[in-house]
Amino acid sequence: MSDYRPQLSDIQKAKQRISGVVVNTPLMLNIQLSERYGANVWLKREDMQIVRSYKIRGAYNKISSLAPEELERGVVCASAGNHAQGVALTCNKMGIKGTIFMPKPTPKQKINQVKMFGKDDIEIALCGDTYDDCCAEALSCCEKSGGAFIHPFDDPQIIEGQATLGLDILNEAFGDFHYILLPIGGGGLMAGVGSVFKSLSPDTCVVGVESSGAASMKAAFDAGHPVDLAEIDTFADGIAVRRAGDLTFGICRNVVDRLVQVPEGQICTTILALYNESAIVVEPAGAVSVAALEYLKDDIRGKNVVCVISGSNNDITRMEEIKERSLLHEGLKHYFILRFPQRAGALREFLEKVLGPNDDITHFQYSKKNSRERGPAVVGIELHRSEDFAPLVERMKEQNIVYEYLNDKPDLFQFLI
């Protein structure tokens, strides 16, 4: 199976198979992004699928391909959310039983969506902290129940289902695309869509985009085979995979022209910009393709570019975290431990002589120590411009403020903030 490559004939069959369920989502020119980067930037809006992500393509194609006796035993999957929703909707439409394993940190909004799409046809089991933890539990369940495991990415029918997205893009295109940007987690979407473009639009530069905190495909490319990452940042949960797929890796290394890793802070900045400028709601994994434009801006000027918006299942309760990560990434939010003299007027002097006219204290936690001359305070300061940081630090030095900068000390930062 390691020699497997998606064939256009099988992808065309998948497109016919899923046609009654999957929406042909809009391919939309985005004016704001086009003007910002001096390019024609098109967004493929898979956030507008009924399950608000492209994952329904692969899930429905795979499950509807199973034999009747397999369907009778039911299906099992592991997913951080979007694949789970695709499986849940498929189970409900086909009237079969499904068991869905999800990581415990999965946003509640995604869990509720899975329940809504699957109704009485599915059961949800929360286990582990990552997709990989859930996958082990799901496989164990399959051994006991005989249910068919519906892999989120490392399966031919899944890959062929996701590949139908590539056919849709090329069928709607108003000309040749110079670049296509796709998110990469385990690699199912890239393996499918990348294969379509290499066959039908070989001159298009295929760019895979990962979050910096979970760059499993880059690790696989570097090693020459899939490897397990020791740690991953699960913030972009839809693409937070510890290990790239075996099938998908073999395909991706032949179809990916360029891999880009995007910091989680840049992803957050992109989420906010898409919402504020274009009224588009995306989840972190859905924003990575657009976030990568910043790192390709010199190459894409004057070019036709398509970014796949892969999903919009974002929990509104995460917005404060998203805003905070964005501000930190943009250099607009800074945290310090300040040791104020324990005397009247010390804080007033800081406000008058150190804080700039456009600076704002957004976090302040003070501990008075009776036996010491100086009391420590954890202070968060939001700036109007990133360039205001150096003058702020210089004024603290001039006023003999004893401080410790927390932004570049992640362990201490996580503990205190």
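I will try to describe carefully the structure that is included in this document. Per chain, residues are indexed from 1 in the order of the written sequence. Confidence filtering applies because this is a predicted model: local features only for residues at pLDDT of at least 70, side-chain atom pairs given and counted only at 80 or more, and all residues used for totals across whole chains, interfaces and linings. Water and hydrogen atoms were dropped before computing side-chain values, which therefore reflect all heavy atoms in the structure.

Nonpolar side chains in soluble globular proteins tend to end up buried together. By nonpolar core we mean a set of buried residues, namely Ala, Val, Leu, Ile, Met, Phe, Trp, Tyr and Cys, connected to one another through side-chain atoms within 4.5 Å. Partly exposed describes any residue whose relative accessible area lies between the buried limit of under 20% and the exposed limit of over 50%, with all areas from a 1.4 Å probe on protein chains only and scaled to the type maximum. Of all hydrophobic cores here, the largest spans 35 residues; its most connected members are Leu181 and Leu293. Secondary structure counts use DSSP, requiring at least four H or I residues in a row for a helix and at least two E residues in a row for a strand, with both numbered from the N terminus. Among the elements of the structure, α2 (31-37), β2 (40-45), β7 (179-183), β8 (205-211), β9 (258-262), α12 (264-278), α13 (284-291) and β10 (304-309) are those that each provide at least two residues to this core.

If you check the backbone angles, Lys119 has positive phi at about 50° while not being a glycine. With respect to the element layout, Lys119 can be found in the loop between α6 (108-118) and β5 (122-126). Phi is positive for Ala279, which is not a glycine, with a value near 55°. Position of Ala279 relative to the elements: it lies in the loop between α12 and α13. In this structure Ala279 comes out as exposed when scored by relative accessible area, which is 63%.

Mapped onto the elements, Ser367 comes out in the loop between β12 (360-366) and β13 (374-382). As for Ser367 and Ala377, which are separated by 10 residues in sequence, their C-alpha atoms are 6.2 Å apart. Not counting residues within four places of it along the chain, the set of residues in contact with Ser367 comprises Gln342, Gly375 and Pro376. In what follows, a contact means two residues having at least one pair of non-hydrogen atoms within 4.5 Å.

Before going further, it helps to spend a moment on α12. A turn of α-helix holds 3.6 residues, and therefore any two residues three or four places apart point the same way. If you check α12, its first and last C-alpha atoms are 21 Å apart, about what 15 residues at 1.5 Å a residue would give, namely 21 Å. The set of residues buried in α12 consists of Glu264, Gly265, Gln266, Ile267, Cys268, Thr269, Thr270, Ile271, Leu272 and Leu274. Where α12 is buried, its residues meet α2, β8, β9, α13 and α15 (319-329). Two residues or fewer past α12, Ala279 is found with a positive phi of approximately 55°. Take the number of residues in a helix, subtract one, and multiply by 1.5 Å to get its expected span.

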